[in-house]
Amino acid sequence: MSSSKKPGRRSQAWFGSADKSGFLYRSWLKNQGYPGDLFDGRPVIGICNTWSELTPCNGHFRELAEYVKRGVYEAGGFPLEFPVMSLGETQMRPTAMLFRNLASMDVEESIRANPIDGVVLLMGCDKTTPSLMMGAASCDIPTIGISGGPMLSGRWRGQKIGSGTGVWQMSEMVRAGEMSHEDFVEAESCMHRSKGSCMTMGTASTMANMVEALGMSLPENAAIPAVDSRRYQLAQLSGRRIVQMVHEDLRMSKILTREAFENAIRTNAAIGGSTNAVIHLLALAGRIGVELNLQDWDELGSKLPCLVNLLPSGEHLMEDYYYAGGLPAVLREIAAHLHTDALTVNGHTLGENIANAPCWNRDVIKTMDEPVRAEAGIAVLRGNLAPNGAVIKPSAASPHLLKHRGRAVVFENIEDFHARIDDDALDIDETCVMVLKNCGPRGYPGMAEVGNMPLPPKLLKRGITDMVRISDARMSGTAYGTVVLHTSPEAAAGGPLALVRDGDMIELDVPGRRIHLEVGDEELARRKANWKAPETPTRGWYKLYVEHVQQADLGADLDFLVGGSGADVPRDSH
Ligand code: FES
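All residue numbers refer to position in the chain's written sequence, counted from 1. Local features in a predicted model are, by the rule used here, given only for residues with pLDDT of at least 70; side-chain atom pairs are given and counted only at 80 or more, and totals for whole chains, interfaces and linings are based on all residues. To get the side-chain values, take all heavy atoms of the structure and skip hydrogens and water.

Colleague: Tell me what's going on with empty space enclosed by the protein, and back it up with residues and numbers.
Modeller: Here a cavity means grid points, on a 1 Å grid over the protein atoms only, where a 1.4 Å probe fits yet cannot get out; a pocket means an open set of points with protein on both sides within 12 Å along at least five of seven lines; lining residues are those with an atom within 4 Å of a point. Grid points are joined across faces, edges and corners, and a volume is the space filled by probe spheres set on the points. Within the structure shown, the criterion is met by 5 cavities of 30 Å³ or more. Estimates place the volume of the largest cavity at around 70 Å³. What lines the largest cavity is simply Glu212, Gly215, Ser217, Leu218, Pro219, Pro328, Leu331, Thr344, Leu350, Asn353 and Ile354. We count a stretch as a helix when DSSP gives it H or I for four or more residues in a row; a strand needs E for two or more, and each element gets its number in order from the N terminus. Of all the elements in the fold, those that place two or more residues in the lining of the largest cavity are helix H15 (326-333) and helix H16 (350-354). Of all the elements, H16 adds the most residues to the lining of the largest cavity, at 3 residues. Estimated volume of the second largest cavity: approximately 50 Å³.

Shown next as structure tokens:
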């Protein structure tokens, strides 16, 4: 394809000048062997890479980027790969979520500061997807997403074992004395046996589905396994497509409309997706200027059924999901509930993309008439314990606990929890409500995935597998249980959660969308008067984060990052 010279193209503000500045911008890049005609006005495509050996889920991204480059060159573009901060969910302390907004700033400023006309986002592990999407949204240039794809199914002694979900199950078995430590360690090597992201419908898989449902990737992006050759074909095709998107000026804001977010929310219900999607999509909507709020999740998605029979809500794994037809098959099944005229990055509408999508396995992708679970979307709870809302994933909860009243057993922070939960003297039974404080955005800091507190061993040994748990934390998308999360305002911000004491009665009513602390207003006011805010960090990113992070119901973005600054940078660097 011949290049099309466009003096108005963004990259030409760098490469198009005949003076000293143009020399500087072109000459130094030429040291990598790029011929002069690559600077002639053809679309320059940034490949935003989150490869890192410390982010094992994205460990194959250098190879993936090479396939993107093939496609960009084939379509007449000039690809330039660049690294950004990578967030490895399993490695980072105190939690990768603390750095989502920092990484998004890296992405935003890397795109804005450089001669890029369009960008390809290579995303995989949980936080790498929202951080890249958020950063790119604040620049709003033509953008296409490519997910890394899930790992092959975990296999141990003839059984499927799923990322995360299997860890939670087996660790509870070890604590209950039902599994040996040797078997537990052996399972480590059997769970994660290929490159890619967690192969349950955890947060990484959920966010890959969200990217596709939003229209931000080519069809089938969400589910192709990381090591399947079709993942690399998709990367090459995405490389070709982003060049055309630059020619068409198909910017992110033309794809990420209110309708696209509504599609994503409904899709999250149908796939049994992670509660983390709530926070990430609220933050993304804030960056692109779409009005979206927490209540939208309940109103748009909560009545829809879960159709995808994957762990943690069901039985199968992402490899099975892809072979069954992946997200296009799900979207076709729920098409009546979608805005099928929403535009996607391939230039077609969502409806056109899914019109003939086949389903090859109805045990993995169910029908609306025979779903995995009815009314499975995220429920938003309110009450005096969560004035600004809290969320629960009913499809991962125990039906008999969705309406429950119990005595609070309170843990002031995660250290308090770890210090006392294994103590047989702890005054707790299966009717109690476990309450964990100070694990929200400011409190942890970073809102860790500790909301699915492990149960006391003395109850596990009696065969108790679920209890009501309430916190201001998040929960891994691979986890399950009757777990109320994202309580807002959080305890560290002086929310009512901070005032709960041992012995208080708490009422959970998921059908009635209510979470209520049975303590009078006067007593709560007395407790609030004696409440002391926890100490806050005094330097560096932690300080900036804690001073500016918004509450969970707003997406936990930094207040000064909401919105975007576009992509214009008129000043030269020399
Ligand atoms: Fe990276 Fe699950 S830990 S995707």
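Back to the write-up after that little detour.
Colleague: With reference to specific residues and values, describe the sheet that holds strand E2 (residues 78-83).
Modeller: Strands were regarded as paired on the criterion that DSSP finds at least two bridges between them. Across the sheet, 4 strands lie side by side as E2-E1-E3-E4; this open sheet has parallel pairing. Each edge of the open sheet carries a strand with a single partner, namely E2 and strand E4 (143-147). On average, adjacent strands in this sheet sit at an angle of 20 degrees to one another, irrespective of strand direction. Relative to E2, strand E1 (residues 44-49) runs parallel, the two sharing 6 bridges. Pairing of Asn49 across the sheet is with Pro83, part of E2. Note on contacts: a residue pair qualifies if any of its non-hydrogen atoms lie within 4.5 Å across the two residues. To get an axis, a line is fitted to the C-alpha atoms, and for a helix only the part in contact is used. The angle between two axes follows their N-to-C directions and goes from 0 to 180 degrees. In the packing of helix H9 (residues 229-248) onto the sheet, the strands contacted are E1, strand E3 (118-123) and E4, and the crossing angle to E4 comes to about 175 degrees.

Colleague: Pulling in residues and values, what's your account of the packing of aromatic side chains?
Modeller: Pairing of aromatic rings covers Phe, Tyr and Trp, the last counted by its six-membered ring, and requires centre-to-centre distances within 6.5 Å; plane angles under 30 degrees mean stacked, over 60 mean edge-to-face, and any other angle means tilted. Inspection of every chain in the model, using the stated rule, returns 8 aromatic pairs. Counting every residue linked through ring pairs, the aromatic cluster contains Phe15, Tyr34, Phe39 and Phe78. Geometry around Trp51 places Arg62 over its ring, the cationic atom sitting 4.0 Å from the centre. Ring-over charges, as used throughout, are those where CZ of Arg or NZ of Lys falls within 6 Å of the ring centre and within 35 degrees of the ring normal.

Colleague: Tell me about the layout of surface pockets, and name the residues and values.
Modeller: Quantified by volume, the second largest pocket comes out at close to 510 Å³. Along the wall of the second largest pocket there are 26 residues; nearest its centre are Trp14, Phe15, Leu29, Asn114 and Pro115. Elements with a minimum of two residues in the lining of the second largest pocket: helix H1 (12-15), helix H2 (20-30), helix H3 (61-74) and E2.

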